[in-house]
Amino acid sequence: MFYKYQIIAGIALVTTIGLVRIIVAIRDIKKNMLFLDEYRDNYIKLINSYLNSSGYRVARQFDPELYSWLVSKSAKAQREVGMFGVGEFIAPFQIYKIRNYQFIVNTIPKIRDGHLRDEEINLVDDILTRCLGAFDEIKIELQSELKNPLKWFQYGVKWCLSLPIRILYWFGIISNSTVDKITANSFFKIVSGLVGFISFFSAIITIVTGWDAFKIILHKLF
């Protein structure tokens, strides 16, 4: 009987870990959204001061403090938008192309130089807007999962399986981006899902009937 209480305690622990992970993820996404929303607002303010009413460039007629803030936060903004902010850059008249071009960190400094094209101005705004929309969808999905205890257990199992990988990160052996890539991998998700299902099913069978009794039931059925 004691082992059943251990199993129940184990399920409760993993489920609680999953619930905490969901709550933390929602908090982090809200924090990221607040930052990107502020960054976009300031970017629009700077662009509006960069262009006059006719749409002509008026370089050096913008708020230097606002520009400095955008430059200092550009690396963080670039990191937050992730894949949305990286792509192929094509120079005017297709003189050259740059792959894996980071649009935010490379576009903001051009405002001061006065060499910013309309396409680049609009692209940075589109990147920020698109990323905010993606974050909002993820936040809504996570909030719905707060109502589903099975999802808590699933997230808990995923975190437990990723623990060895995270230990490597804590010791500086791998980077945080590597951890994210591994845990976001489809194979890892499938494995964690299967392990979660098998673990939960096995625990329920053990608690309710025990494996010996379950084998007898299966023998009678088949």
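Residues numbered from 1 in each chain as written. Predicted model: local features only at pLDDT ≥ 70, side-chain atom pairs only at ≥ 80, totals over all residues. Heavy atoms only, no water.

1. Focus on the overall build of the chain
Alright, step 1. Counting its secondary structure elements, the chain contains nine helices and two strands.
Alright, step 2. Ordered by position in the sequence, the α and β elements of the chain form the string α-α-α-β-β-α-α-α-α-α-α.
Alright, step 3. Counting across all 222 residues of the chain, residues that qualify as buried make up 30%.
Alright, step 4. Sequence-distant contacts, at least 24 apart, represent 67% of the contacts inside the chain between residues at least 6 apart.
Alright, step 5. Carbon and sulfur atoms make up 61% of the accessible area of the chain, which totals about 14,300 Å². (Helix = DSSP H or I, 4+ residues; strand = E, 2+ residues; numbered from the N terminus. Buried < 20%, exposed > 50% of the residue type's maximum accessible area, 1.4 Å probe, protein only. Contact = heavy atoms within 4.5 Å. Areas by Shrake-Rupley, 256 points an atom, 1.4 Å probe, with all protein chains shown as cover.)

2. Let's talk about the pattern of salt bridges
Alright, step 1. A complete count under the given rule lists five salt bridges for this structure.
Alright, step 2. The salt bridge involving aspartate 28 is made with arginine 27; its shortest N-O contact spans 3.0 Å.
Alright, step 3. Look at aspartate 28 and you get partly exposed, because its relative accessible area is 31%. (Salt bridge = Lys/Arg side-chain N within 4 Å of Asp/Glu carboxyl O.)

3. Quick look at the confidence of the model for the chain
Alright, step 1. Here the chain averages 81 in pLDDT, and 80% of its residues register 70 or above.
Alright, step 2. Taken element by element, the chain is modelled with least confidence in helix H9 (residues 211-221), mean pLDDT 49, and with most confidence in helix H3 (residues 74-81), mean pLDDT 94. (pLDDT = per-residue confidence, 0-100.)

4. A word on the packing of helix H2 (residues 64-72) against helix H4 (residues 103-113)
Alright, step 1. At a minimum axis distance of 9 Å, the contact between H2 and H4 shows a crossing angle of 155 degrees. When the axis of H2 is compared with that of H4, the two are roughly antiparallel. As H2 packs across H4, the resulting crossing turns out to be left-handed. The residues of H4 that touch H2, namely those facing Tyr67, Leu70 and Val71, are Ile108, Pro109, Ile111 and Arg112.
Alright, step 2. Of the residues assigned to the contact of H2 with H4, the class counts are six nonpolar, no polar and one charged. (Axes fitted to C-alpha atoms, helices over the stretch in contact; angles between N-to-C directions. Parallel < 35°, antiparallel > 145°, perpendicular 65-115°, else oblique. Left-handed = near helix turned anticlockwise from the far one by under 90°. Nonpolar A, V, L, I, M, F, W, Y, C, P; charged D, E, K, R; others polar.)

5. Section: the nonpolar core
Alright, step 1. Membership of the largest hydrophobic core comes to 32 residues, with the highest contact counts inside it found for Leu36, Tyr39, Tyr43, Ile104, Ile108 and Ile111.
Alright, step 2. For this core, the secondary structure elements donating two or more residues are helix H1 (2-50), H2, H3, H4 and helix H5 (118-145).
Alright, step 3. With eleven residues, the single largest contributor to this core is H1.
Alright, step 4. Excluding residues within four positions of it along the chain, isoleucine 104 makes contact with Tyr39, Ser74, Ala77, Gln78, Val81, Val124 and Leu128. (Core = buried A, V, L, I, M, F, W, Y, C linked by side-chain atoms within 4.5 Å.)

6. Looking at the UniProt feature "transmembrane region" (unreviewed entry) in the chain
Alright, step 1. The sites that carry the UniProt feature "transmembrane region" (unreviewed entry) are, in the present numbering, residues 6-26, 155-174 and 194-214.
Alright, step 2. End C-alpha to end C-alpha, residues 6-26 measures 30 Å, and it is 100% helix and 0% strand.
Alright, step 3. Along residues 155-174, the helical share is 80% and the strand share 0%, with 22 Å between the first and last C-alpha atoms. (UniProt positions renumbered as here; feature names shortened; annotations may be inferred.)

7. Describing the packing of aromatic side chains
Alright, step 1. As enumerated under the stated definition, the model contains four aromatic pairs in all.
Alright, step 2. Measuring from ring centre to ring centre gives 6.0 Å for phenylalanine 35 and tyrosine 39, while their planes differ by 45 degrees; the resulting arrangement is tilted. On the criterion of helical spacing, the pair formed by phenylalanine 35 and tyrosine 39 is a turn pair, its members being four residues apart in helix H1.
Alright, step 3. Its relative accessible area of 0% is what places tyrosine 39 among the buried residues. (Phe/Tyr/Trp six-rings, centres within 6.5 Å; stacked < 30°, edge-to-face > 60°.)

8. Quick notes on the environment of leucine 142
Alright, step 1. Mapped onto the secondary structure, leucine 142 falls in helix H5.
Alright, step 2. For leucine 142, a relative accessible area of 6% gives the class buried.
Alright, step 3. Between the C-alpha atoms of leucine 142 and alanine 25, which are 117 residues apart in sequence, the distance is 7.9 Å.
Alright, step 4. Apart from residues no more than four positions distant in its own chain, leucine 142 is found in contact with Ile22, Ala25, Ile26, Ile29 and Tyr155.

9. Focus on unusual backbone geometry
Alright, step 1. Phi at asparagine 100 takes a positive value of approximately 55 degrees, unusual for a residue other than glycine.
Alright, step 2. You can call asparagine 100 exposed: its relative accessible area is 64%.

10. Here's the deal with a nonpolar patch on the surface
Alright, step 1. Side chains of Ile167, Leu168, Tyr169, Trp170, Phe171 and Ile173 sit close together on the surface and give an oily, nonpolar patch of about 660 Å² of accessible area.
Alright, step 2. Among the structural elements, leucine 168 can be located in helix H6 (residues 149-170).
Alright, step 3. What makes leucine 168 partly exposed here is its relative accessible area of 36%. (Patch = residues over 30% accessible without salt bridge, like charges linked within 9 Å, V, L, I, M, F, W, Y side chains within 5 Å.)

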